[in-house]
Amino acid sequence: MTLMRRSMLAAAAACTIAALLPQGAMAATELKLQRFFGACDADFGSNTDVSKAVGECGIITSMINKFNADNPDIHISVTTVEWPGYDQLTAQFAAGDPPDIVTIHQSVLADYQTKGLLLPLDEVLASAGVKPGDFTDASSKGVTKDGKIYGLPIDNWTLLFHINLGLFKQAGLVDASGKPILPKSIDELLAQAKQFKEKTGKPYIIQPTANETANFAWTLYSFLFQQNVDAFADPTKATLNLPAAKSVIEAMRTLYAEGEIANGLDYAAGINAFLAGEGGVHLNGTWVIGDYNASSEKAGTALNKGGYAVYPYPQIFPGRPAQYADGHSFAVSQKDRTPEETAAIGKFLAFFAAHDFDWARTGHLPSMKAVIESAEFKALPHRDTIAPIATTGTSLPSGVQRVFAIQDIVGQEMGAAVTGQKEVDAALADMESRVNELLANL
């Protein structure tokens, strides 16, 4: 048999095999996606009906399943990492093998963007029909670095005042319509907390004070923003040892000393205490709205007894309406790709942008203006009270790096001051010096 004859037979055999295979088996463009939000394959591993999914894990798993089902020419291969997964991501970049798409906090984008590790998405999004002008103000600010888009925003999140209405009624802290009366100044905050404790015998605030730093840091940022203070105006050097910060910490220190902030609870214990009716206000995030609302609708629970409400942090300073907010996004690693792979990434990002309402059922705020303004979103429980955060939500300046490490330092020092382990002045001085030492050694 001649060489030409053998080549012709081999080509014919390859065509026959290709014809016998499913059409997508050879054509599918493979993309690697790495995410947090937990694992729930037992419940949602094969689910493609997103309307039946619940919780962060269930909804994101089902959305990716649906994308794969709807797009047989593309396959998204998913790796789930422990929250937040940045040590692993950094190691993957160092090894030259990062995932194509990765869930990343908007506050962390700068850590990778400044090193040239992320792909600017302006052209990818434009080709896929996604317009950055359709993002909410908070989301747009969160993903824009040096004038370019470095992530598809999928939400914004923040801490909220989760309120046990039954205990607020018992304390005399509701208005004629039954809505909670929230403080409008530091003095009102202290007075309400005292009144609440006297009337109910329980702490006004449930806040994790053990093994938790982020809650303290995010609270401080919010109340600094309300005083028109930008402690990170220079992204390379923080200014935290300020009277504005001292006033916040001293107020919380007073609340803690008077037993008006729950003592010694970690994150999980704080959730259990609030669900058990052991305090009036739980400082926790957008992500627990669904669980708390479900508890309020279940007969016999503490929240069902008197009701549940949720609001942004109260405006207790006479500055601008503002609250610290971060957000989740999908970023894309910077590496060589085929046009087909880049187009597939754009299609996936456009899918998530188009299904922003589905993700908003988690409790997080939508990233798209059309969704947050929609009747469908407004019909979800409690969304009317938290929707303003899409405008007032404020992140740290886009150039700030190592935001997670910074919030650990800020939270450690603030926690030590609030719980009386350290004097306020000493905590603020150490907070500033430690943060600036970190920033000086990036």
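Being a predicted model, the structure only gives us computed values, none of them experimental.

(A) Geometry of the overall build of the chain. Counting its secondary structure elements, the chain contains 23 helices and 13 strands. Its C-alpha radius of gyration of 25 Å places the chain within 12% of the 22 Å reference for a compact globule of 442 residues. Projected onto the principal axes, the alpha-carbon positions of the chain cover approximately 100 × 55 × 35 Å. By the burial criterion, 53% of the 442 residues in the chain qualify as buried. With the model as given, the accessible surface of the chain reaches about 19200 Å², and the carbon-plus-sulfur share is 53%. Counting 34 positive and 48 negative side-chain charges, the chain places the centres of these two groups 3 Å from one another.

(B) Inspection of the sheet that holds strand β8 (residues 205–206) at higher detail. Taking strand neighbours across the sheet as the criterion, the four strands line up as β8-β9-β7-β10 in an open arrangement whose pairing is mixed. Each edge of the open sheet is held by one strand with a lone partner, namely β8 and β10 (308–311). The sheet contact formed by β8 and strand β9 (residues 281–285) spans two bridges and is parallel. Residue Ile206 lies in a different strand from β9, and its bridge partner there is His282.

(C) Summary view of the packing of aromatic side chains. Inspection of the entire model under this criterion finds 24 aromatic pairs. Summarising the aromatic geometry, the rings of Phe36 and Phe37 are spaced 4.8 Å apart at their centres and angled 70° between planes, so their arrangement reads as edge-to-face. Centre to centre, the rings of Phe223 and Tyr313 are 5.5 Å apart; their planes meet at 35°, and the pair counts as tilted. Placement of the pair is Phe223 in helix α11 (residues 214–225) and Tyr313 in the loop between β10 and β11 (323–324), with a sequence separation of 90 residues. Using a relative accessible area of 7% as the deciding quantity, one classes Phe223 as buried. The exposure class of Tyr313 is buried, given its relative accessible area of 6%. In this structure an aromatic cluster arises from ring pairing among Phe67, Phe330, Phe348, Phe351 and Phe352.

(D) Molecular detail of the nonpolar core. In this structure, Leu152, Phe330, Phe348, Leu349 and Phe352 are the most contacted members of the largest nonpolar core, which totals 75 residues. If we skip the residues at most four places from it in the chain, Phe348 touches Leu33, Ile64, Phe67, Ile76, Ile101 and Phe330.

(E) Summary view of the state of the cysteines. Scanning all chains against the criterion turns up one disulfide. Covalently, Cys40 is tied to Cys57 through a disulfide, its sulfur atoms 2.2 Å apart. A torsion of -100° about the S-S bond marks the disulfide between Cys40 and Cys57 as left-handed. Taken together, the residues Cys40 in the loop between β1 (29–35) and α3 (41–44) and Cys57 in helix α4 (residues 55–70) connect sequence positions 17 residues apart. Each member of the pair, Cys40 together with Cys57, is buried.

(F) Representation of helix α12 (residues 243–257) within the structure. Look at α12: 21 Å from first C-alpha to last across 15 residues, which is about the 21 Å you get at 1.5 Å a residue. The set of residues buried in α12 consists of Ala244, Ala245, Val248, Ile249, Ala251, Met252, Leu255 and Tyr256. Buried residues along α12 cover an arc of 155° about the axis, so they all sit on one side. Those residues of α12 that are exposed and angled more than 90 degrees off the buried face are Pro243 and Ala257. Following α12 by one or two positions, Gly259 has its phi on the positive side, about 75°.

(G) Layout of α11. In a regular helix each residue adds 1.5 Å, so 12 residues correspond to 16 Å; α11 covers 16 Å between its end C-alpha atoms and thus fits that length. Extensive coverage of α11 is indicated by the burial of 12 of its 12 residues. Inspection of α11 places Ala214, Asn215, Phe216, Ala217, Trp218, Thr219, Leu220, Tyr221, Ser222, Phe223, Leu224 and Phe225 among the buried residues, and these make up the whole buried set.

(H) How the structure looks around the sheet that holds strand β12 (residues 328–332). Read across the sheet, five strands follow the order β2-β1-β3-β12-β6 without closing on themselves; strand pairing throughout is mixed. The open sheet is flanked by β2 (74–80) and β6 (152–153), the only strands paired with a single partner. By the bridge criterion, two bridges tie β1 to strand β3 (residues 101–105) in an arrangement that is parallel. Considered in β3, the bridge of Leu33 is made with Ile101. Contacting β1 and β3, helix α5 (residues 86–94) runs over the sheet at an angle of about 135° to β3. Each of β1, β2, β3, β6 and β12 is contacted by helix α16 (residues 339–354), which is oriented at about 50° to β1, the strand it contacts most.

(I) Structural context of the pairing of strand β7 (residues 159–164). Across the six residues of β7, six count as buried, placing the element largely inside the fold. The alternating pattern of β7 places Leu159, Phe161 and Ile163 and Leu160, His162 and Asn164 on opposite faces, both of which are buried. The pairing of β7 with β9 spans five bridges and is classified as antiparallel. Bridge assignment links Phe161 to a residue of β9, and that residue is Leu283. Across four bridges, β7 lies against β10 in antiparallel orientation. Across the sheet, the residue bridging to Ile163 is Ala309, located in β10.

The rules behind each value
Residues numbered from 1 in each chain as written. Predicted model: local features only at pLDDT ≥ 70, side-chain atom pairs only at ≥ 80, totals over all residues. Heavy atoms only, no water. Helix = DSSP H or I, 4+ residues; strand = E, 2+ residues; numbered from the N terminus. Rg over C-alpha atoms; globule rule 2.2 N^0.38 Å. Buried < 20%, exposed > 50% of the residue type's maximum accessible area, 1.4 Å probe, protein only. Areas by Shrake-Rupley, 256 points an atom, 1.4 Å probe, with all protein chains shown as cover. Lys, Arg positive; Asp, Glu negative; His and termini not counted. Charge placed at Lys NZ, Arg CZ, Asp CG, Glu CD. Pairing = 2+ DSSP bridges. Phe/Tyr/Trp six-rings, centres within 6.5 Å; stacked < 30°, edge-to-face > 60°. Core = buried A, V, L, I, M, F, W, Y, C linked by side-chain atoms within 4.5 Å. Contact = heavy atoms within 4.5 Å. Disulfide = S-S within 2.5 Å. Expected span 1.5 Å × (residues − 1). Arc of directions from axis to C-beta. Axes fitted to C-alpha atoms, helices over the stretch in contact; angles between N-to-C directions.

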